[in-house]
Amino acid sequence: MTQRALDSSGEQPDTVRTPPATAPPGGLTTAEVAERVARGEVNDVPVRSSRSVTEIVRANVLTRFNLLIGVLWVIMLAVAPIQDSLFGFVIVANTGIGIIQEWRAKKTLDNLAVIGEAKPTVRRDGASAEVSVSEIVLGDLVELGPGDKAVVDGTVVEAEGLEIDESLLTGEADPVLKHPGDPVMSGSFVVAGGGAFTATKVGREAYAAQLAEEASRFTLVRSELRSGISTILTYVTWMMVPTAIGLIISQLVVKDNNFKDSVARTVGGIVPMIPEGLVLLTSVAFAIGVIRLGRKQCLVQELPAIEGLARVDVVCLDKTGTLTEGGMDVTQLRALNGSDEDYVRRVLGALGASDPRPNPSLQAIVDAFPDGAGWGVTRAMPFSSARKYSGAAFTEGDGAASAWLLGAPDVLLSADDPALTETGHLNEQGLRVLLLARVGGELDAPDAASGAVPTALVVLEQRLRPDAGETLAYFDDQNVAAKVISGDNAVSVGAVAQKLGMPGAEHAVDARRLPEDRDDMATEIERNAVFGRVTPQQKRDMVGALQSRGHTVAMTGDGVNDVLALKDADIGVSMGSGSEATRAVAQIVLMDNSFATLPSVVAEGRRVIGNITRVATLFLTKTVYSVLLAILVVCFQVEYPFLPRHLTLLSTLTIGVPAFFLALAPNKERAQPHFVRRVMRYAIPSGVIAAAATFTTYLIARHHYAGTGALDAETSAATLTLFLVSMWVLAIIARPYTWWRVALVATMGLCFLIVLAVPWLQDFFALKLVGTTMPWAAVGVAAAAAAALEFAWRVVGRHFRP
């Protein structure tokens, strides 16, 4: 794929000037930069990490249910007392809460996105400096090193073993070796080597602008939870329309009542069919989750990732940067085959000095052997995770030529080499070992490692993260299988995992012996916990093998070799200090580089999913009984028993207020699939029982009361039954009980008693229990319904598991 192929029109826009393929070695001058800025040739594409305030308001206000309720509200304001219009004020309050919470989440995301923004290195006036992505101008000389992402399109000017992975753009997993004059596509990233390129397309002309804006957008879609709610609302809409039409005809045409009273009761039958608060409450729960995680320096680039990580049952961990800290220390240098140790130190110092962007292993060598001056580098080969070694050729101080490789002993040595035995003993102690070997052929030859002469073993000790052990224990306690997948020696990785108390760490597997068949590979991965010598492609294959067995897989990592696996995993988690490439493809970025933040993300997701499942049952129980009551009213040709004020009171006390607290409560319950089925299997029987009990009380009351005020007395009795049944549903959903859950349910009951006891509240809500026979009959019907609810929930829970 060429750079031109990414242009939607296929032609160079007239407004963009293409600089020459080559640029001055020192980059642009300050004056040239200022000139380009004045012409508008700046990479000033705004990258949004969240929706704009306008979009947030529009999304929360302009919904089909708000439109329907708004129309009904206007009607009620015109024909009925203000207390029958309270449902409209509740919707306004809920919508306002949704807007405020999402705006707070937006601020959190925007602040974290600025902290984690990439800082490309640009060469200007002969000096290199980091600038923000938006400050790059056309013609800038942008430097690249391992893990760097190309943020604009350009043409290579300098290349030292520069290998670029374009898989995120082309789907091709193999890195492409770049030479001067070759194109660089924005969105690709460096896997090995280094170099520089001239920016030829900036701003919206660069492909990266489209990638970055789309990848970092604040999303509330593509999750089982939200898609399930959307499915439920679709069903509700289809069910609600014919029922509402029948109710309107029944109350306005068939029954010859007072017009305004008929309109009020008709609206009172339609409004509770709408589970309008469910969508808002879900948005609020997600938004509060983002805010909570943001306080812990966790950037959630896509909101469904909170939910997704809660559903994860396998988490794949890269050892370096996840279980261990990025830094290492050289603890020993063991000369082999009679090599002179002072000479070996000079070689290692020269190797460290030959790489301008050393990885953590080489940086430890640079720190331990800083004397690398005096040797001229004639050829350098950066480290590649695919070949497991790096190398360099030198002209030594006395004019002699030599070439060296530094890498994994089990890759550079033959299987029977005695040095491997010594390496194995060190690996068993959790130490990392690199082999320094002298070679006689070309460094970049395919068989460069063959015939290499072992010269020394460099022993490195990795720094364990102090919180890694507790985090692994958390996953084990939550029945989430942890798999350590590392490119390091399997024995060494296993030893590190054992130090952290990871179950199964004593049986480390060398990934080079894993079967290629996906099904066989999946079996082997499920059986073991620690894998070493895993190539980047194998990491990707292992994630795919686990997914083929129905597992929901999370992958953590911070290096370039983790990108492909992060991209394919259900949830990708990157460290904030990781490469720009890993941060670009991950849904979750741990800005403080703390692996211990992951349990917080899991807990937040479980809180959202578990609690929304609970409150969704409340909302949909109301929808079911409202539709059934409307159908029964139409069939029996009677007045609708409730005014809007009655159902506003019931909804507030049995759904609105309790749902808000239940949705934000702690919840460690393992996330379960089939959201729609889990909710409806409880909501339907609950709604049916509530409707049957309420209508039974209403019919009994119609035969009991007569004369003036009979309808109000009948309504009060039916309201009492519906409240008690709804409270029982709430009491079931609130289990297991804690002090605050008991207090919540009791407070709601007390509020209803106050309404029945205080005269002005009785008048305001048109609720007054007449006599003693009918109220106690209403209580008796509710008690029978409560027993039916307990029986129904137990039957459903026993026989209809998803």
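Refer to the structure above for everything that follows.
Scope of this entry: the structure provided in the associated data block. (Residues numbered from 1 in each chain as written. Predicted model: local features only at pLDDT ≥ 70, side-chain atom pairs only at ≥ 80, totals over all residues. Heavy atoms only, no water.)

1. As for the side chain of Asn528
So, point 1. Within the secondary structure layout, Asn528 lies in the loop between helix H17 (518-527) and strand E18 (530-532).
So, point 2. The exposure class of Asn528 is buried, given its relative accessible area of 12%.
So, point 3. Contacts of Asn528, omitting those with residues within four sequence positions, involve Lys483, His507 and Val509. (Helix = DSSP H or I, 4+ residues; strand = E, 2+ residues; numbered from the N terminus. Buried < 20%, exposed > 50% of the residue type's maximum accessible area, 1.4 Å probe, protein only. Contact = heavy atoms within 4.5 Å.)

2. Here we look at the sheet that holds strand E19 (residues 553-557)
So, point 1. Pairing in this open sheet of eight strands is mixed, and the strands run E8-E21-E20-E19-E9-E16-E18-E17 from one edge to the other. Of all strands in the sheet, those with a lone pairing partner are strand E8 (298-300) and strand E17 (508-510), marking the two edges. Strand-to-strand twist in this sheet, taken as the mean axis angle between neighbours without regard to direction, amounts to 20°.
So, point 2. Inspection of the sheet shows strand E9 (residues 314-317) paired to E19 by four bridges, in the parallel sense. (Pairing = 2+ DSSP bridges. Axes fitted to C-alpha atoms, helices over the stretch in contact; angles between N-to-C directions.)

3. Description of the pairing of strand E13 (residues 401-407)
So, point 1. With six of seven residues buried, E13 is to be regarded as a mostly interior element.
So, point 2. Here strand E12 (residues 389-395) runs beside E13; their pairing, made up of seven bridges, is antiparallel. Along E13, the bridge assignment pairs Phe394 with Ser402.
So, point 3. A loop of five residues connects E12 with E13, the two strands running antiparallel in sequence, and Gly399 in this loop sits at a positive phi of about 95°.
So, point 4. In terms of strand pairing, E13 meets strand E14 (residues 432-439) through five bridges, oriented antiparallel. Within the sheet, the bridge partner assigned to Gly407 lies in E14 and is Leu435.

4. Let's talk about the pairing of strand E7 (residues 189-201)
So, point 1. In terms of burial, E7 is largely enclosed, as twelve of its 13 residues are buried.
So, point 2. For strand E3 (residues 141-144) and E7, the ladder comprises four bridges, and the chain directions are antiparallel. Paired with Glu143 across the two strands is Ala196, which belongs to E7.
So, point 3. Relative to E7, strand E4 (residues 153-165) is paired through ten bridges, and the arrangement is antiparallel. Across the sheet, residue Glu163 finds its bridge partner in E7, namely Ala192.

5. Some details on the side chain of Thr697
So, point 1. Relative to the elements of secondary structure, Thr697 occurs in helix H23 (residues 675-704).
So, point 2. Take Thr697: its relative accessible area is 0%, and that puts it in the buried class.
So, point 3. With near-sequence residues (within four places) excluded, Thr697 lies in contact with Ala717, Ala718, Thr721, Met774, Ala778 and Val781.

6. As for the packing of aromatic side chains
So, point 1. Taken as a whole and judged by the stated rule, the model has ten aromatic pairs.
So, point 2. Geometrically, the ring pair formed by Phe764 and Phe765 is edge-to-face, given 5.0 Å between the ring centres and 80° between the ring planes.
So, point 3. Given the relative accessible area of 26%, Phe764 is considered partly exposed.
So, point 4. Note on Phe765: relative accessible area 11%, which makes it buried.
So, point 5. Through a chain of ring-to-ring contacts, three or more aromatic side chains come together here, namely Tyr343, Trp375, Phe394 and Trp404. (Phe/Tyr/Trp six-rings, centres within 6.5 Å; stacked < 30°, edge-to-face > 60°.)

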